[in-house]
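# Working through the structure, step by step
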Amino acid sequence: MRLHPLHPAVWVLDHIRETGWQVHDLLSFTRASTLVLVSRGDAPAVVLKAGFGSNHVLAELDEDIRKASYGFYWYAEMTEDERALTREDFRHEIAVTRAVPPDGHVVPLLQEGSTDRFDWYTMPYCSGGNFRPLLAATACDRDQPGAGLGILADVAEGLRQLHEHGIVHRDVYQENILISDGHGMITDLGAARRTDTPRGPAIRGPEVHWPPEYATSYDRAAPAADTFSLAVLAYRFLCGDIPRHGHSRLDAVPAALRPLIAAALAPAPENRPSMSELRDALRHTADLATVPSAHRN
């Protein structure tokens, strides 16, 4: 890994090294956070997420190099108050992630810590990447959807686990689904809220994977919001398009799954199936898709 000395991510990596981590690779550097592949001693490499990104870092750099660093990343420098609020949000993410049992389909928290300027936590490294390439590959391979549907069924179980612990993810899409040994894992609880506490603005959107209620009550979104978002992803995977115009491509969805996807895309949250029902339908269809046609009943 080679970064230009003026790249603003260098500031974050230097601070991570000062806490005793060996840095192997910079995985992601966004406005709000940094993902790094790290290790300590002979332990396996893990992913460290630092609650510090480009919008934070620029304020830390000396005046004479800020303009040069700007060229490496489009940024909007935060005020101290804004940075304090984002640090509070990241600590919320750590707390919510910590509350989820580590033996399911949610990427678990392994360790956590702080520096003077930011907090961090680590999670297992999922070498299979995220769901985006699989989503793109379906354009030429939709006749064999079993593996992808199995991953989505795993994610449905992970979301069910979150809901069981009173947590709504609120940002289910392809980048937040990781693949480990062929299994799906949901990650990134930065937008998550506990169902007993409103969180965030009332109005958000629109985004392709967000349900219509985010336009009026994002801060109180219920588990049904995650059901809608996962159904959008399943529709895109199977139909090669986003659900619109009355879900006109539903014929591409296997018959056993079609009623659940259609119901999960209902505009009204109360009309959607539970995450358990969607999980079971995805799993059943995935299992059917992996059985050779000559052996199907």
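A brief look at the structure comes next. (Residues numbered from 1 in each chain as written. Predicted model: local features only at pLDDT ≥ 70, side-chain atom pairs only at ≥ 80, totals over all residues. Heavy atoms only, no water.)

### A short note on the sheet that holds strand β3 (residues 46–50)
As a reminder, the rule being used: Whether two strands pair comes down to DSSP finding at least two bridges between them. Numbering goes from the N terminus for both helices and strands, where a helix is a DSSP run of H or I of at least four residues and a strand is a run of E of at least two. Here the axes come from fitting lines to C-alpha atoms, over the contacting stretch only for helices, and the angles between their N-to-C directions go from 0 to 180 degrees. The contact rule is simple, with two residues in contact once any of their heavy atoms fall within 4.5 Å.
One open sheet holds the five strands; their spatial order is β1-β2-β3-β5-β4, and the pairing between them is antiparallel. Since the sheet does not close on itself, it has two edges, and those belong to β1 (22–29) and β4 (112–114), each with one partner. Here the strands of the sheet are splayed against their neighbours by 25° on average, with no regard to which way each runs. Relative to strand β2 (residues 34–39), β1 runs antiparallel, the two sharing six bridges. By the bridge assignment for β2, Val23 is matched with Val38. Across the sheet, helix α1 (residues 9–18) lies against β1, β2 and β3, angled at about 145° from β1, the strand it touches most. Here helix α4 (residues 80–98) sits on the sheet in contact with β3, β4 and β5 (119–124), set at roughly 35° to β5.

### Some points on the packing of helix α6 (residues 146–164) against helix α10 (residues 275–290)
This is how it is decided: The cut-offs work like this: below 35 degrees is roughly parallel, past 145 is roughly antiparallel, 65 to 115 is roughly perpendicular, and the gaps in between are oblique. Less than a right angle of anticlockwise turn of the near helix away from the far helix marks a crossing as left-handed, whereas a clockwise turn marks it as right-handed.
Contact geometry of α6 with α10 gives a least axis separation of 8 Å together with a crossing angle of 160°. The orientation of α6 relative to α10 falls into the category roughly antiparallel. In this structure, α6 meets α10 at a crossing whose hand is left-handed. Where α6 abuts α10, its residues Gly146, Leu149, Gly150, Leu152, Ala153, Asp154, Ala156, Glu157, Leu159, Arg160 and His163 lie against Met275, Ser276, Arg279, Leu282, Arg283, Thr285, Ala286, Ala289 and Thr290.

### Side note on α10
Threshold: Expected span of a helix: the number of residues minus one, times 1.5 Å. Relative accessibility decides the category of a residue: with a 1.4 Å probe and only protein chains considered, values under 20% of the type maximum give buried, values over 50% give exposed, and everything between is partly exposed. The arc in question is the one traced by the directions running from the helix axis out to the C-beta atoms.
With 16 residues, α10 should cover 22 Å at 1.5 Å per step; its first-to-last C-alpha distance of 22 Å lies within 8% of that length. When α10 is considered as a whole, its buried residues turn out to be Met275, Leu278, Arg279, Ala281, Leu282, Thr285 and Ala286. In a view along the axis of α10, the buried residues occupy a sector of 165°, so they form one face of it.

### What about the pattern of salt bridges?
Side-chain pairs of opposite charge can arise where the charged atoms are in close proximity. Using the following cut-off: Salt bridges, as used here, are contacts in which a Lys or Arg side-chain nitrogen is within 4 Å of a carboxyl oxygen on Asp or Glu.
Following the criterion strictly, the structure yields 19 salt bridges and no others. Close ionic contact of Asp188 with Lys49 constitutes a salt bridge, the shortest N to O distance being 3.3 Å. Here Asp188 is found in the loop between β8 (183–186) and β9 (193–194), whereas its partner Lys49 is found in strand β3, with 139 residues between them in sequence. Classification of Asp188 by relative accessible area gives partly exposed; the value is 26%. Residue classification places Lys49 among the buried residues on the basis of a relative accessible area of 7%. One salt-bridge network, held together by shared partners, links Glu157, Arg160, Glu164, Arg279 and Asp280.

### Description of helix α8 (residues 223–239)
Between its terminal C-alpha atoms α8 stretches 24 Å, which fits the 24 Å expected from 17 residues at 1.5 Å a residue. Counting buried positions over the 17 residues of α8 gives 15, a clear majority of the element. Following α8 by one or two positions, Gly240 has its phi on the positive side, about 70°.

### Some remarks on the side chain of Asp219
We apply this condition: Charged-residue counts in this description rest on Lys and Arg as positive and Asp and Glu as negative, His and the chain ends being excluded.
Here Asp219 lies in the loop between α7 (214–217) and α8. Summary of buried charges: Asp219 has no salt-bridge partner, and the nearest side chain of opposite charge, Arg220, is 4.3 Å away. If near-sequence neighbours (up to four positions away) are discounted, Asp219 is found in contact with Arg170, Arg193, Pro198, Arg199, Gly200, Pro201 and Ala202.

### As for unusual backbone geometry
At Asp181, a position not held by glycine, the phi torsion is positive, near 55°. Owing to a relative accessible area of 73%, Asp181 belongs among the exposed residues under this scheme. Within the chain, Asp188 stands out as a residue other than glycine whose phi angle is a positive 65°.

### Points about the nonpolar core
Where we set the bar: The nonpolar core is taken to be a set of buried Ala, Val, Leu, Ile, Met, Phe, Trp, Tyr and Cys residues, with the residues joined through side-chain atoms within 4.5 Å.
With 41 residues, the main nonpolar core has Leu152, Leu230, Ile261 and Leu282 as its most contacted residues. At the level of secondary structure, the elements contributing two or more residues to this core comprise α6, β7 (177–180), α8, α9 (258–264) and α10. No other element matches α8, which puts ten residues into this core. Excluding residues that lie within four positions of it along the chain, Leu282 makes contacts with Leu149, Leu152, Ala153, Ala156, Leu230, Ala234 and Leu257. Counting 20 residues, the second largest nonpolar core, distinct from the first, contains Val23, Leu26, Val36 and Phe118.

### Observations regarding the pairing of β2
Here β2 lies mainly inside the structure; five of its six residues are buried. Of the pairings in the sheet, the one linking β2 to β3 comprises five bridges and is antiparallel in character. When the sheet's bridge partners are listed, Val36 is paired in β3 with Leu48. The antiparallel hairpin formed by β2 and β3 contains six residues in its connecting segment, where Gly41 sits at a positive phi of about 60°.

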